[in-house]
Amino acid sequence: MTERIPPELQTQLVKLQQLQDQLNRLLTEKNVIDSELREVNKILQELSQLPAGTTVYKIVGNLLVKTDKETIQKELDDRKEILELRSRTYQKQENLLRTQLEDLQKKVNELIAKYYPQSGGAVKA
């Protein structure tokens, strides 16, 4: 015979799963931002080795557009600033979600101990 999970515990387990899913989505987005930031930094490093006034090309859709080094460097510096801000924001959100997840895990473990004292098991995320 199967034992039913108490509604209180079931609700907390659903919340725990939702928090874990939210954290996973956030980490995926943060990895994309961090990857783009590394790419921008690499390009800026390469640009810094070119002499001033050098003609460079950038991809716009399916076209290569001729421009000067300074224009591209300004665009990339702006993009870098935005990416760094987003990365810091994601880091703060990640820390907050991890704290919430830990607190909820403790609560779920307490409920498990309350409803299933014989099991002694704990939930790990």
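Sequence positions are assigned chain by chain, starting from 1 and proceeding in written order. Local features in a predicted model are, by the rule used here, given only for residues with pLDDT of at least 70; side-chain atom pairs are given and counted only at 80 or more, and totals for whole chains, interfaces and linings are based on all residues. The side-chain quantities take in all heavy atoms of the structure and omit both hydrogens and water.

If you look the protein chain up in an unreviewed UniProt entry, it shows as Prefoldin subunit beta from Sulfurisphaera javensis. Within the UniProt record for the protein chain, the comment given under Sequence similarities (unreviewed entry) is "Belongs to the prefoldin subunit beta family." UniProt positions are given in the numbering used here, feature names are shortened, and annotations may be inferred rather than shown by experiment.

Within the fold, Arg38 resides in helix H1 (residues 7-48). Relative accessible area serves as the criterion here: at 55%, Arg38 is assigned to the exposed category. The helix count covers DSSP runs of H or I at least four residues long, the strand count covers runs of E at least two residues long, and both are numbered beginning at the N terminus. Per-residue accessibility, obtained with a 1.4 Å probe over protein chains only, is compared with the maximum for each type, and a residue is labelled buried under 20%, exposed over 50%, and partly exposed between these values.

So, on to a nonpolar patch on the surface. Together, Tyr57, Ile59 and Leu64 make up a nonpolar patch on the protein surface, roughly 390 Å² of accessible area in all. By secondary structure assignment, the location of Tyr57 is in strand E1 (residues 55-60). Residues form patches when they are more than 30% accessible in relative terms and have no salt bridge. Like charges link within 9 Å. Nonpolar side chains (Val, Leu, Ile, Met, Phe, Trp, Tyr) link within 5 Å. Computed by Shrake-Rupley with a 1.4 Å probe, the accessible areas treat only the displayed protein chains as cover when residues are assessed. Salt bridges are defined by distance alone: a side-chain nitrogen of Lys or Arg within 4 Å of a carboxyl oxygen of Asp or Glu.

When the UniProt feature table is mapped onto this chain numbering, "coiled-coil region" (unreviewed entry) sits at residues 9-36 and 87-114. Counted over residues 9-36, helix gives 100% and strand 0%. Its end C-alpha atoms are 41 Å apart. Between the end C-alpha atoms of residues 87-114 the distance is 40 Å, and the span holds 100% helix and 0% strand.

Time to look at the nonpolar core. The set of buried Ala, Val, Leu, Ile, Met, Phe, Trp, Tyr and Cys residues whose side-chain atoms join them within 4.5 Å is what this entry labels a nonpolar core. Of all hydrophobic cores here, the largest spans 22 residues; its most connected members are Leu9 and Leu76. Whether two residues are in contact is decided by their heavy atoms, any of which lying within 4.5 Å being enough. Not counting chain neighbours up to four residues away, the residues in contact with Leu76 comprise Val40, Ile43, Leu44 and Leu47.

With that out of the way, let us pick up the packing of H1 against helix H2 (residues 69-115). Axis lines are fitted to C-alpha atoms, over the contacting stretch for helices. Their N-to-C directions set the angle, which ranges from 0 to 180 degrees. Relative orientation of the contacting elements H1 and H2 amounts to 160°, with a least axis distance of 7 Å. Compared by their axis directions, H1 and H2 come out roughly antiparallel. For the pair H1 and H2, the sense of crossing is left-handed. Across the contact of H1 with H2, the residue classes break down as 24 nonpolar, eleven polar and 16 charged. Any angle between 65 and 115 degrees counts as roughly perpendicular, while under 35 counts as roughly parallel, over 145 as roughly antiparallel, and the rest as oblique. Crossing handedness follows the turn of the near helix against the far one: under a right angle anticlockwise gives a left-handed crossing, and clockwise gives a right-handed one. Gly is placed with the polar residues, together with every amino acid not listed as nonpolar (Ala, Val, Leu, Ile, Met, Phe, Trp, Tyr, Cys and Pro) or charged (Asp, Glu, Lys and Arg).

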